[in-house]
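The lines below spell out each chain.
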Amino acid sequence: MFLFSGISAPVALAQDQEKLSSLQGMFEEVNREPWLSYRRLQVLEQEAGQWPDDEKLWLLLRKAQAELLLYLNADLDVTVKQAQQLITAQTPAEISGGFNVYAGVLAQQKGLYSQAVDFFQQALTQAEQANLNHIYIVGKQELAYTRSLTELYQTSLKELQETYVEAFALGDKFLLARVNETYGAIYGYLGEYEKSVEYYQKALASYEQLSYRAHIADAVYALATIYRYWQKYQLAITTFERYRTLIDYTPNREVAFFAAYGLGMTLAEQGQCQRGIAIIDEALSINALADYKAELLKRKAACLMDKGDFSGAQQTLSAAGDIFAGMPELKGTKWQLEVEKLSAELAYARGENGRAYQLLNRYLEQYAELQRKNADGRLEKVRLSMEQSRKEQEVSLLQKQQELTELRQEHSQLEDRQQKYFLLFAVSLSIFFLVVMVYQRKYNDKILELSTLDPLSKAYNRRYVFNYLKKYTDGTVPEKGELSVILLDIDNFKHINDNFGHLAGDQVICQVARAGQKVLRQGDVMGRISGEEFLCVLPRISPEQCRQIAQRLAASINDYIFEVGNKKRFSVSVSIGIASLSPQCSDSVSLYQQADLALYRAKEQGANSAVVYQPEMA
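Residues numbered from 1 in each chain as written. Predicted model: local features only at pLDDT ≥ 70, side-chain atom pairs only at ≥ 80, totals over all residues. Heavy atoms only, no water.

Novice: Looking at this model, I keep getting lost on the overall build of the protein. Mind explaining?
Specialist: Scanning the protein for helices and strands turns up 26 helices and 7 strands. Contacts in the protein between residues far apart in sequence, at least 24 positions, make up 63% of those at least 6 positions apart. (Helix = DSSP H or I, 4+ residues; strand = E, 2+ residues; numbered from the N terminus. Contact = heavy atoms within 4.5 Å.)

Novice: How do you make sense of the pattern of salt bridges when you look at a structure like this?
Specialist: Any two side chains of opposite charge can pair if their charged atoms end up close together. Summed over the entire model, instances satisfying the criterion amount to 28 salt bridges. In this structure, K603 and D489 form a salt bridge, with 2.7 Å as the shortest nitrogen-oxygen distance. Of this pair, K603 sits in helix 26 (residues 588-604) while D489 sits in strand 1 (residues 483-490); the two residues are 114 residues apart in sequence, bridging distant segments of the chain. Overall, K603 belongs to the partly exposed group, its relative accessible area being 31%. A relative accessible area of 11% means that D489 is categorised as buried. D524 is the salt-bridge partner of R521, the closest N and O atoms lying 2.8 Å from each other. Taking relative accessible area as the criterion, R521 reaches 32% and is therefore assigned partly exposed. (Salt bridge = Lys/Arg side-chain N within 4 Å of Asp/Glu carboxyl O. Buried < 20%, exposed > 50% of the residue type's maximum accessible area, 1.4 Å probe, protein only.)

Novice: What is the right way to look at the state of the cysteines in this model?
Specialist: Covalently bonding the sulfur atom of one cysteine to the sulfur atom of another cysteine gives a disulfide. Using the criterion set out here, one finds 1 disulfide in the structure. In this model C273 forms its disulfide with C303; the gap between the sulfur atoms is 2.2 Å. In this structure, the disulfide formed by C273 and C303 twists by about -80° around the S-S bond and is classed as left-handed. With C273 in helix 15 (residues 273-284) and C303 in helix 16 (residues 290-306), this pair connects stretches of sequence that are 30 residues apart. (Disulfide = S-S within 2.5 Å.)

Novice: Got a minute to help me understand the sheet that holds strand 3 (residues 533-539) in this structure?
Specialist: Backbone hydrogen bonds are what pair the strands of a sheet, in a parallel or an antiparallel way. Spatial strand order, 2-3-1-6-7: 5 strands in an open sheet with mixed pairing. At either end of the open sheet lies a strand with only one pairing partner, and these are strand 2 (525-528) and strand 7 (610-612). This sheet shows a mean twist of 15° between the axes of neighbouring strands, independent of strand direction. Both strand 1 and strand 6 (residues 574-580) contribute to a ladder of 7 bridges, which runs antiparallel. Each residue of the ladder has a partner; that of I490, found in strand 6, is V574. Of the strands in this sheet, strand 1, strand 3, strand 6 and strand 7 are in contact with helix 26, which crosses strand 6 at around 145°. (Pairing = 2+ DSSP bridges. Axes fitted to C-alpha atoms, helices over the stretch in contact; angles between N-to-C directions.)

Novice: I tried to follow the confidence of the model for the protein on my own but got confused; where do I start?
Specialist: When pLDDT is low, close inspection of the predicted coordinates is not appropriate. Looking at the protein, pLDDT values average 81 and 84% of them are 70 or higher. Within the model, the stretch residues 1-14 combines pLDDT values under 50 with 14 contacts to residues more than four positions away or in other chains. Contacts for the low-pLDDT stretch residues 377-401, under 50 throughout, to residues beyond four places or in other chains number 53 contacts. (pLDDT = per-residue confidence, 0-100.)

Novice: What am I meant to see in the nonpolar core here?
Specialist: Where a protein is soluble and globular, its nonpolar side chains tend to be buried together. Ranked by size, the top nonpolar core spans 112 residues in total, and within it L23, F99 and Y243 carry the most contacts. Looking at this core, the element that brings in the most residues is helix 12 (residues 213-229), giving 11 residues. Once residues within four sequence positions are removed from consideration, Y243 is found in contact with A217, V220, Y221, V255, F258 and A259. Counting 32 residues, the second largest nonpolar core, distinct from the first, contains F493, I509, A550 and I557. (Core = buried A, V, L, I, M, F, W, Y, C linked by side-chain atoms within 4.5 Å.)

Given below as structure tokens:
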């Protein structure tokens, strides 16, 4: 199996391991130079005919990563299908989960949102079972973004909050940037443009620090789009022009679609219809995502109406409607409903007042239903804007239809009913907003507590305290700062449980945590890492100061008298191991091991003592 051109099996095995390690380590390289990495992967693919399946899959996974960044969507589709044929139940979860994420992104781009959600949820299940934090967070972020595309903003924001907590705990700058980018997109959809720009700029700053060229370009494009929505047209045009200079990292012409899309939409919205239509037509000639083309067609139709080309506007609107008809999951969203609104405006421009009224009324009913479906405090401004627009359009329509007495009377009755409905709806929405905000606050606090605190002692949990220690030691060297740890174990804890009951044992654990809160300094971190064992991390402290604090902590615990049923009284003692950073111990693993050795020595000495680690204990 491992014979290649006369190479011995051990040598071939070593080469296989080297290839596998190289492919696994290409994540950063692909993000920084996607095109050069892609060319290198294409060369490797020609040599991969006899490779084991797992090595082929790693190669395909890196190809998929590069193709996504280069907007080679057709090639990405082929790569994902190739991988799916090779994946088995024995395939590592890092590979199968990664391809489920890419399959979800492809479905998302095609507007198959339910299918995309299924792929992302499969990836989350695989990542959770295999403890793959990176895939879990990326899958959760993409899931939240997919829900936002179908205007499930409240659900997507909840899921994104959970993702942010996970990414923050890992301290991964790239994952946090991905989450911030998705926040920017959702707040942009909600019309909260200032907040959207803030999140996109955070993401952009992180990508620039990482030198991830494709991600930098995407963040700049997103900023330009938000400026367009915000009607800061000149700033949007300048930023879209910047995007055009940033996409030279890929020779793929299809990427130019997004620059043309943004510029064409901005110019048309600004009123420069002649120039805007020319660039929109340029964008429409490029192979791109269907829903983006639908937006271009709607904007072009509005410009054609302004120019009096009603026939061209009707043809363009019909083309947009056909696109939405092929994407059923967008039916009833504001993107599709805008076709209805433009159709009403076109009928009115043609003098077809009766048809204009019918179309406008249908649009208003559908829009009201959409508002009820997405009832959320964050949509309040959108709802008010829609209501104002509705009133203005109704007044304009009434002025032009004075000769139609019967229609005016029907419309007046309808307006009375709608006014009452919207008043009731506004009151109900306000109450709902307050309830949702209270629930959201409690839910967020609970999520944060569950992710960091031990439920019994209310000290930090094992995961948090070890992550904190690792992050601190990774950024600290002995010349720049001091750090010590206290490893504390309750003596004879089993005896306490056996003689006084498990409730008494729980009281002891809680009292040890309270003693730590009183004795430890502000900035020190204490976490429960097992049944009766606690780990305290003390930054900016000398070994001698740490020993003194440990003694005070042990004395505080020893002085406390516990009482249980029938007035049984007892006290407890603890054994403590102390270790500090040194030139010989500069990482979290070594530091914990030294504290554990010191704790073991304290137990050997008969417990109820604190021992500072010495080199001879090793």
